[in-house]
Amino acid sequence: MSGAQHADVLIVGAGASGGVVGRRLAEAGFDVVCLEQGRWQDPADYPGQYAEWELAAQRRWSSDPMVRGLPEDYPIDATDSDVVPLMYNGVGGSTILYAGDWPRMLPSDFRVRSLDGVGDDWPLSYAELEPYYDRTDREMGVSGLAGDPAYPPASDPPLPPLPIGAEGMAVARAHNRLGWHWWPGRSAILSAPYQGRRPCVGWGACMQGCPEGAKASTDLTHWPQAQALGARLITGARVHRVVLGPTGLATGVEYVDAEGVERFQGADVVVLAGNAIGTARLLLLSAQAGHPDGLANGSGLVGRRLMMHPFGVVTGTFPERYETWRGHVGVRVTCLEFYETVEDRGFVRGSKWSMAPSTGGPLNAAMPSRAGDLVWGADHHLLVRERFGHMLSWGVFGEDLPDVENRVELDGSLRDSSGIPAPRVTYRVSENSRRILDFGVARAAESLSEAGATRVDVTPMLRHSGWHIMGTARMGSDPATSVVDPWGRTHEVENLYVVDGSVFVTSGGVNPTSTICALALRFADRMVATRRDQRVPA
Amino acid sequence: MTFSWGSAPPPPAPVDDGARSRLAAIADVLLPEAHGMPAASRVGVAEEQLDRVLHARPDLTLPLLEALAAVDPDAGEAALATLAEASPAGHGALVVVVLAGYYWSEQVKALLGYPGQTAAPVSTAFPAYVQEGLLDPVLERGEIYRRPPD
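No experiment lies behind these values; they were computed from the predicted model shown.

*Asks:* Give me the lowdown on the sheet that holds strand β14 (residues 407-415) of chain A, citing residues and values where you can.
*Replies:* Residue and element names in this part refer to chain A. Taking strand neighbours across the sheet as the criterion, the three strands line up as β4-β15-β14 in an open arrangement whose pairing is mixed. Looking along the sheet, the strands with just one partner apiece sit at the ends: β4 (77-81) and β14. Along the sheet, successive strands turn relative to each other by an average axial angle of 30 degrees, direction set aside. Each of β14 and β15 (421-427) touches helix α9 (residues 275-285); the most contacted strand, β14, lies at about 70 degrees to it.

Structural data, given as structure tokens:
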């Protein structure tokens, strides 16, 4: 088996958390190597700037790896899952295709056991994470408006908010009439030039890659900076096993390179950043002497407690033509009116809403991916004229409480293109989550009607909506009930860390990437601070 | 995926004249001339637009050909329902080919007032919602988050 230059720190996965950790450790002088199964993206390939973009969004740039089917994607058996997991495999990871909606979790999210008697409390508080939110906001280039009364007072985002448009104004006025919260959205999308990057020019295709580079993705915001400091990023490298030495410490990983050659990469410290499905898969693949059920799995919780934020959509059709094919697509306006627990609603916790134009060009209006049906004949033309440029949507999702039966396992027969066992996902939407969604979409329909919608279509739950993958290697102080400690270090292997969304104790009810990045930076700071105490293989 | 932006027209797709005729016929049932919009065949859905779509999505070619062999254009919209049941992949390909070809037409885009995706700087001028005082009632309510015991 071929070898490569030993590293201080080896990171598996070049997405959001891998990028944050890689840059921080490179800045601290560590010799960092990252193995990424995907490739670098060329923004010239992003389809938003081409006529065919809506077709490309359905296939090559789909967020579903089973639809995309690129060689670097691994298959996922989700036949027994209520929600299909979505992701992107490449430098930047799923930040390439995310919407850039960048809310923070709320203080209550860290204390759901104490406040609501469900789930578990996190081993850290909102206040402890806040400084890291501030720092990653600056690294990514976040646009937003301070002062949202749904949150404790916080620093100004580095950039002013993106426009909310006439459509956002309409919804804002409606919420003021209803007495409901609203606030301009926070986005990891530049509203002004920032650190050498150009601002948003409204391509309206954020979720197929930003041609302008205005949307933060770690292939732009972190890896070039880390590489400039000496970090090595090896693409086309599919890691399939973490190797332990005789002392029980990790000595490195085995991977298959782009030519199909089996290789070993050694390091003093191994950091897993492959998302909550990829990381769980790798830990399970790494079963070995002393770890018969998967590496660092003495608790039996590796792969369990998978959370994916079931997602509903409410779409309003308005008489006004809002030119909804333009502008950023993630969030114009957000609403946290129904986020916190209220006793008489019949569920605990609540939902967060993001209002955005119903994205896409005329193909999406004719062939809706969310609410609405295909209509043919002469009426087709009337319907497209009614819809195209006239539709706004509330995306609604909420707390997805952990359940040990929701899990990632290794599939007995499915393999990736390198012959490595693929993951199988079992996931059921809980009754509490269904009630949160039902309540949320009903209120969101009221919102759009109040804002002037002449027609409201509801998709109570979208199956292809598993953008937020969390919880399969939860953090905690007790090795019997958690996989990693409050600093991301696995309880059972002292030099093995997990830094991605796997460590989430509960899901919160907001888009998780902001929190994933803040946690990753906190873990990396700790690695730097404790470097002299870190045991490493001989 | 191969993009056609700024490049020469794509080569003809491997769909023979008979299949193109059937496509034109069923496409006109789905998208007839009405309400100021042209029929699908009039904007080349079975001709140059088909070549563009299949150039971008060659994976659609086989299911489309299977669909065209199975569908009876004379059966009208019912043919599509029958096809959806017998061959979901063929039905999906036929729908995408007809709609994508239609809505890529410059004539159709112009009729809809759609310029395509374009780039224009966003404005961060003093927001109108601040000028209008829309945030005032939100702020006047005060904080709405719960404070944990710690």
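*Asks:* Can you break down the sheet that holds strand β13 (residues 391-398) of chain A residue by residue, with the values?
*Replies:* Residue and element names in this part refer to chain A. Strand order in this open sheet of six strands is β5-β11-β12-β13-β10-β16, and the pairing throughout is antiparallel. The sheet is open, and its two borders are formed by β5 (183-184) and β16 (455-462), each paired with just one other strand. Pairing of strand β10 (residues 311-317) with β16, which is carried by six bridges, proceeds in the antiparallel orientation. In the sheet register, T315 faces β16, and the bridge partner there is D457. Contacting β10, β13 and β16, helix α11 (residues 378-387) crosses the sheet at an angle of about 85 degrees to β16.

*Asks:* How would you summarise the side chain of S187 of chain A if you had to cite specific residues and measurements?
*Replies:* Note that S187 of chain A resides in the loop between β5 and α7 (218-221). Among residues more than four places away in sequence, those in contact with S187 of chain A are G100, W102, G141, V142, S143, L162, H328 and V331 of chain A.

*Asks:* Now, about empty space enclosed by the protein: what can you tell me, with residues and values included?
*Replies:* Residues and elements named next belong to chain A. Under the criterion given, the structure shown has three cavities of 30 Å³ or more. One number sums up the size of the largest cavity: a volume of about 90 Å³. What lines the largest cavity is a set of 15 residues, and nearest its centre among them are C200, G202, W203, C206 and C210. When the residues that make up the lining of the largest cavity are grouped by side-chain class, the tally is nine nonpolar, four polar and two charged. The space that makes up the second largest cavity amounts to roughly 50 Å³. As for the second largest cavity, its lining consists of P43, Y46, T95, I96, G209, C210, G213, K215, S217, D219 and L220. Tallied by class, the residues present in the lining of the second largest cavity amount to five nonpolar, four polar and two charged.

Reading the values: the criteria
Residues numbered from 1 in each chain as written. Chains lettered and ligands numbered in written order. Predicted model: local features only at pLDDT ≥ 70, side-chain atom pairs only at ≥ 80, totals over all residues. Heavy atoms only, no water. Pairing = 2+ DSSP bridges. Helix = DSSP H or I, 4+ residues; strand = E, 2+ residues; numbered from the N terminus. Axes fitted to C-alpha atoms, helices over the stretch in contact; angles between N-to-C directions. Contact = heavy atoms within 4.5 Å. 1 Å grid on protein atoms, 1.4 Å probe; cavity = no way out; pocket = protein on both sides within 12 Å on 5 of 7 lines; lining within 4 Å. Points joined across faces, edges and corners; volume = space filled by probe spheres on them. Nonpolar A, V, L, I, M, F, W, Y, C, P; charged D, E, K, R; others polar.

As far as function goes, none of this settles anything; it's purely spatial.
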